[in-house]
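# Residue-level structural notes
As a plain string of letters, each chain reads:
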Amino acid sequence: MKLFKTSKGFVIEDENQFYLSNATDWDAFINRENLFAAVKNDLKSLSADNDYKKIIEAHIQAPIKGQEVWASGVTYQRSKKARMDESKDSGGGDFYDRVYDAPRPELFFKATAGRVVGPNENIRIRRDSKWNVPEPELTLFINTSGQISGYTVGNDVSSRDIEGENPLYLPQAKSYDKSAALGPCIFVSDKPIDTNGTIGLEIFRDGKTVFSQTIEINQIKRSLEELVEYLYAECSFENGAFLMTGTGIIPEDSFSLAVGDVVEITIENIGTLRNTVEKK
Ligand code: DO4
Ligand code: MG
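Residues numbered from 1 in each chain as written. Chains lettered and ligands numbered in written order. Predicted model: local features only at pLDDT ≥ 70, side-chain atom pairs only at ≥ 80, totals over all residues. Heavy atoms only, no water.

### A short note on the nonpolar core
Core analysis: the largest hydrophobic core is formed by 47 residues, its most contacted members being Leu138, Leu140, Tyr151, Ile199, Leu243, Leu257 and Ile270. For this core, the element with the highest residue contribution is helix H8 (residues 224-233), accounting for five residues. Built from parts of two domains, this core gets at least three residues from each of domain 1 (2-59) and domain 2 (68-277). If we skip the residues at most four places from it in the chain, Ile199 touches Tyr76, Pro136, Leu138, Gln213, Thr214, Ile215, Ile217, Ile249, Ile265, Thr266 and Ile267. Within the second largest apolar cluster, 27 residues are counted, among which are Leu3, Phe108, Leu182 and Met244. (Core = buried A, V, L, I, M, F, W, Y, C linked by side-chain atoms within 4.5 Å. Buried < 20%, exposed > 50% of the residue type's maximum accessible area, 1.4 Å probe, protein only. Helix = DSSP H or I, 4+ residues; strand = E, 2+ residues; numbered from the N terminus. Domains from an automatic or database assignment. Contact = heavy atoms within 4.5 Å.)

### Some details on the side chain of Ser21
Within the secondary structure, Ser21 sits in the loop between strand S3 (17-20) and helix H1 (26-30). A distance of 2.9 Å separates the side chain of Ser21 from the backbone nitrogen of Ala23, its partner in a polar contact. With near-sequence residues (within four places) excluded, Ser21 lies in contact with Phe10, Ile12, Phe29 and Leu46. (Polar contact = N/O pair within 3.5 Å; in protein donor to acceptor, adjacent residues only side chain to side chain.)

### Observations regarding helix H4 (residues 77-86)
Along H4, the residues classified as buried are Ser79, Lys80, Ala82, Arg83 and Glu86. Structurally, H4 contributes buried residues whose contacts are with helix H5 (93-101), helix H6 (160-165) and helix H7 (170-174).

### What about the packing of aromatic side chains?
Aromatic rings considered in pairs are described by the distance between their centres and by the relative angle of their planes. Scanning the entire structure with this criterion turns up eight aromatic pairs. Ring centres of Trp26 and Phe29 lie 5.7 Å apart, and the angle between their planes is 45°; this geometry places the pair in the tilted category. Of this pair, Trp26 and Phe29 both sit in helix H1, three residues apart, which is roughly one turn of that helix. Both residues of the pair, Trp26 and Phe29, belong to the buried class. Ring geometry for Tyr232 against Phe237: centres 4.8 Å apart, planes inclined by 45°, an arrangement best described as tilted. Of the residues examined, Tyr232 reaches a relative accessible area of 16% and is grouped as buried. In textbook terms, an aromatic cluster arises when at least three aromatic residues are bridged by ring pairs, as seen for Phe10, Trp26 and Phe29. (Phe/Tyr/Trp six-rings, centres within 6.5 Å; stacked < 30°, edge-to-face > 60°.)

### Focus: the coordination of the magnesium ion (ligand 2)
For a metal with four tetrahedral donors the ideal donor-metal-donor angle is 109.5 degrees, while six octahedral donors give ideal angles of 90 or 180 degrees. Taken together, Glu135 (OE), Glu137 (OE) and Asp156 (OD) make up the full set of protein donors to the magnesium ion (ligand 2), lying 2.0 to 2.1 Å away. Counting along the primary sequence, the residues that act as donors to the magnesium ion (ligand 2) give the motif E-x1-E-x18-D. Placement of the pair is Glu135 in the loop between strand S8 (132-133) and strand S9 (136-142) and Asp156 in strand S10 (residues 148-156), with a sequence separation of 21 residues. Look at Glu135 and you get buried, because its relative accessible area is 2%. On the accessibility criterion, Asp156 (1% relative accessible area) is buried. (Donors = N, O, S within 2.8 Å, 3.2 Å for Na, K, Ca; no water.)

### Re the domain arrangement of the protein
One widely used convention gives an interface's size as the accessible area the parts lose upon coming together. Under the domain assignment used here, the protein contains domain 1 (2-59) and domain 2 (68-277). With centres defined by C-alpha atoms, the gap from domain 1 to domain 2 works out at 26 Å. Every contact between the two is made by 12 residues of domain 1 and, on the other side, 18 residues of domain 2. For the pair domain 1 and domain 2, the summed buried surface comes to about 1200 Å²; carbon and sulfur atoms form 56% of the total. Among the residues domain 1 hides against domain 2, the three largest losses belong to Lys2, Asn31 and Phe36. Together they make up 43% of the total. The interface formed by domain 1 and domain 2 includes zero salt bridges. The tally of links between domain 1 and domain 2 comes to six residue pairs in polar contact (both at pLDDT 80 or more). Of all the elements in the fold, those that place two or more residues in the side of domain 1 that touches domain 2 are strand S1 (2-6), H1 and helix H2 (35-43). Its residues placed into classes, the side of domain 1 that touches domain 2 shows six nonpolar, two polar and four charged. (Buried area = accessible area lost by both parts, 1.4 Å probe. Salt bridge = Lys/Arg side-chain N within 4 Å of Asp/Glu carboxyl O. Nonpolar A, V, L, I, M, F, W, Y, C, P; charged D, E, K, R; others polar.)

### Re the pairing of S9
With seven of seven residues buried, S9 lies mostly within the body of the structure. Side chains of S9 alternate between two faces, with Pro136, Leu138, Leu140 and Ile142 and Glu137, Thr139 and Phe141 buried alike. Connecting S9 to the antiparallel partner S10 that follows it, the hairpin turn spans five residues, and Gly146 within it adopts a positive phi of roughly 95°. Here four bridges tie S9 to strand S15 (residues 241-244), and the two strands are oriented antiparallel to one another. When the bridges of S15 are listed, Phe141 appears paired with Phe242. (Pairing = 2+ DSSP bridges.)

Okay, structure coming up:
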């Protein structure tokens with residue numbers, strides 16, 4: 001099933017039927033134990049109506065309210081290579097190689113909810129950067145007690161020249177207004193997401209595709225549980241947290257996002273997240 005946050009309420013899609021929840025507090029709605037069973041129970045007292053689909057189309061928002069967004073890095077081979085290349089002149093390359101194989105993963109704080117955009121909203125590239133990419137990432141919703149209760153699509157928009165100049169600049173390369181996109185929904189199931197599914201990235205410029213690639217989630221080097229374990233080891237999250245799990249797709253070095261580019265990220269079972277790069 002899929003949970004959509006909209007400005008008109010929370011819409012539940014289950015087996016191609018659409019329902020409007022009675023809940024009014026997104027944080028409480030998604031942060032329940034055994035979310036799949038809890039929402040299935042809600043459905044018993046709700047009536048399906050196809051008009052609720054129109055609410056999604058017209059009023060969708062990012063599926064976040066009181067959560068922090070964290071991200072993992074260098075979890076795919078491609079990400080390791082790209083970071084080593086971009087930081088070799090500054091002497092940072094070795095760090096990425098080492099973190100790929102180390103027991104402790106790279107985890108970093110990505111965004112507060114206010115810096116996150118939802119479907120069809122604009123993402124931004126920094127004014128002080130010349131080399132920017134989208135990073136398409138399977139994103140976990142983890143509840144307060146550390147259960148992975150759902151999945152969404154994430155875009156970890158990043159400035160490669162800033163992170164490549166010095167690894168200590170990572171927070172500036174990663175975290176700024178509208179640097180993160182999440183959506184379109186939280187996919188909730190009674191079993192873990194199928195990691196044989198794919199993550200696809202397509203970038204359009206002036207209506208034409210300028211980049212397109214897919215990767216299977218199972219190319220990730222670490223387990224999703226391991227990433228959550230490190231994140232929750234010494235941090236508590238009152239409303240749960242979102243965790244981007246790293247990118248396995250990075251365009252060739254000659255590519256940089258431009259104003260007006262449309263970025264589409266599709267993850268099987270979850271959906272497509274589409275955003276446009278806004279004017280600097
Ligand atoms: O260490 C740099 C960032 C890594 C990252 O965001 C990724 O691999 O997705
Ligand atoms: Mg990333």
